[in-house]
Amino acid sequence: MITAWPLQLGQVRAGAGIDTPTELASFLAQFGHETAGFTRFEEDLDYSASRLMRVWPSRFPDMAAALAYTHNPRALAEKVYGGRMGNNKPGDGYRYRGRGPQVTGKRTYAKAGALVGLDLVSKPELLLQPEIGVRVACAGWKALGLDWHDDDADARAETRIINGGETGLRERQVLLDQLLKEL
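In what follows, the accompanying structure is described. Keep in mind that this is a model prediction, so the values were computed, not measured.

Let's shift gears to the overall build of the protein. Along the protein, the regular secondary structure elements total ten helices and zero strands. In the protein, the order of α-helices and β-strands from amino to carboxyl end is α-α-α-α-α-α-α-α-α-α. Here the C-alpha radius of gyration of the protein, 17 Å, is about what a compact globule of 183 residues would show, namely 16 Å. On the principal axes, the C-alpha backbone points of the protein span a range of 50 × 35 × 30 Å. By the burial criterion, 40% of the 183 residues in the protein qualify as buried. A separation threshold of at least 6 residues defines the contact pool for the protein, and within that pool the share at least 24 residues apart is 49%. Entry remark: accessible area of the protein is about 9400 Å², with carbon and sulfur atoms responsible for 53%.

Below, the structure is given as structure tokens:
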């Protein structure tokens, strides 16, 4: 199934208007980073205590705070995603964890579904299908206006829009630089 994702990118991206070499490189760098090089399409949330403290330092400031959530994906999802991002029912944090092109939270699932004409709130697992995940990624790229920021060979603006900060910026920029050389 993993090999189907890059194949779908080629088929869908042109229809979505992702067509210049710089835009394609920017898109692939961001999407590639979010999916660990097109190898991970669902957030598993299976973390050690030390990893929890690094990823969410404000939520897990010390080992005692992290221990109850160590290697407990469902509890962790409720802790970090429950009660926000449109997740308003018990279990929503885990049900609407990151999938596909890193769609996280019920509100984002609803928006992504509207972009491609699918009910992703009722069927969040559809994002794991390569054709749908790539369609969502391409539609989201345009809907977020990322094509306005992709001509400068700098991953910072796209990363801030996608991630709400600069998480993974260095890795995204390295990947962008490599892709620009190849394309």
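Right, let's get into the side chain of arginine 97. Structurally, arginine 97 can be placed in the loop between helix H6 (92–95) and helix H7 (106–116). We classify arginine 97 as buried; its relative accessible area is 8%. With residues up to four places along the chain from it excluded, the contact list for arginine 97 reads Glu42, Glu43, Leu45, Tyr81, Val103, Thr104 and Tyr109.

A few words now on the packing of aromatic side chains. Applying the stated criterion to the full structure yields six aromatic pairs. Every member of this aromatic cluster is reached through a ring pair, and the members are Phe27, Phe31, Phe38 and Trp141.

The end-to-end C-alpha distance of helix H10 (residues 169–182) is 20 Å, a good match for the 20 Å that 14 residues give at a rise of 1.5 Å each. For H10, the complete set of buried residues consists of Leu169, Arg172, Gln173, Leu176 and Leu179. The buried residues of H10 all sit within an arc of 130° when viewed along its axis, so they share a single face. Opposite its buried face, H10 presents the exposed residues Arg170, Lys181 and Glu182, each directed more than 90 degrees away. Buried-residue contacts for H10 involve helix H2 (21–34) and helix H9 (156–163).

Once that is clear, we can look at the packing of H2 against helix H8 (residues 130–143). Interaxial distance between H2 and H8 falls to 12 Å at its minimum, and their mutual angle equals 120°. Put simply, H2 runs oblique to H8. Crossing of H2 against H8: the hand is right-handed. Between H2, through Glu23, Ser26, Phe27, Gln30 and Phe31, and H8, the contact on the second element is made entirely by Val134, Ala137, Cys138, Trp141 and Lys142.

Reading the values: the criteria
- Starting from 1, residues in each chain are numbered consecutively following that chain's sequence as written.
- Reporting in this predicted model follows two pLDDT cut-offs: at least 70 for local features of residues, and 80 or more for side-chain atom pairs to be given and counted; totals over whole chains, interfaces and linings ignore these cut-offs and use all residues.
- To obtain the side-chain values, all non-hydrogen atoms of the structure were included, while hydrogens and water were left out.
- Under the scheme used here, helices are H or I runs from DSSP no shorter than 4 residues and strands are E runs no shorter than 2 residues, and both carry numbers assigned from the N terminus.
- Radius of gyration here uses only the C-alpha atoms, and the compact-globule reference equals 2.2 Å multiplied by the residue count raised to the power 0.38.
- Burial status follows relative accessibility: with a 1.4 Å probe on protein chains alone, a residue under 20% of its type maximum counts as buried, one over 50% as exposed, and anything between as partly exposed.
- Whether two residues are in contact is decided by their heavy atoms: any pair within 4.5 Å suffices.
- All accessible areas in this document rest on Shrake-Rupley with a 1.4 Å probe, and a residue is counted as covered only by the protein chains that are shown.
- A pair of aromatic rings is counted whenever rings of Phe, Tyr or Trp (Trp by its six-membered ring) have centres within 6.5 Å, and the orientation is called stacked for planes under 30 degrees apart, edge-to-face for over 60 and tilted otherwise.
- An expected span of 1.5 Å times one less than the residue number is assigned to each helix.
- What the arc measures is the spread of directions leading from the helix axis to the C-beta atoms.
- Helix axes are fitted only over the stretch in contact, all axes being lines through C-alpha atoms; the angle between N-to-C directions runs from 0 to 180 degrees.
- Oblique is the label for any angle not covered by the other classes, which are roughly parallel (under 35 degrees), roughly antiparallel (over 145) and roughly perpendicular (65 to 115).
- In this scheme the handedness of a crossing depends on how the near helix is turned from the far one: anticlockwise by less than a right angle means left-handed, clockwise means right-handed.

By themselves, these are just geometric observations and shouldn't be taken as functional.
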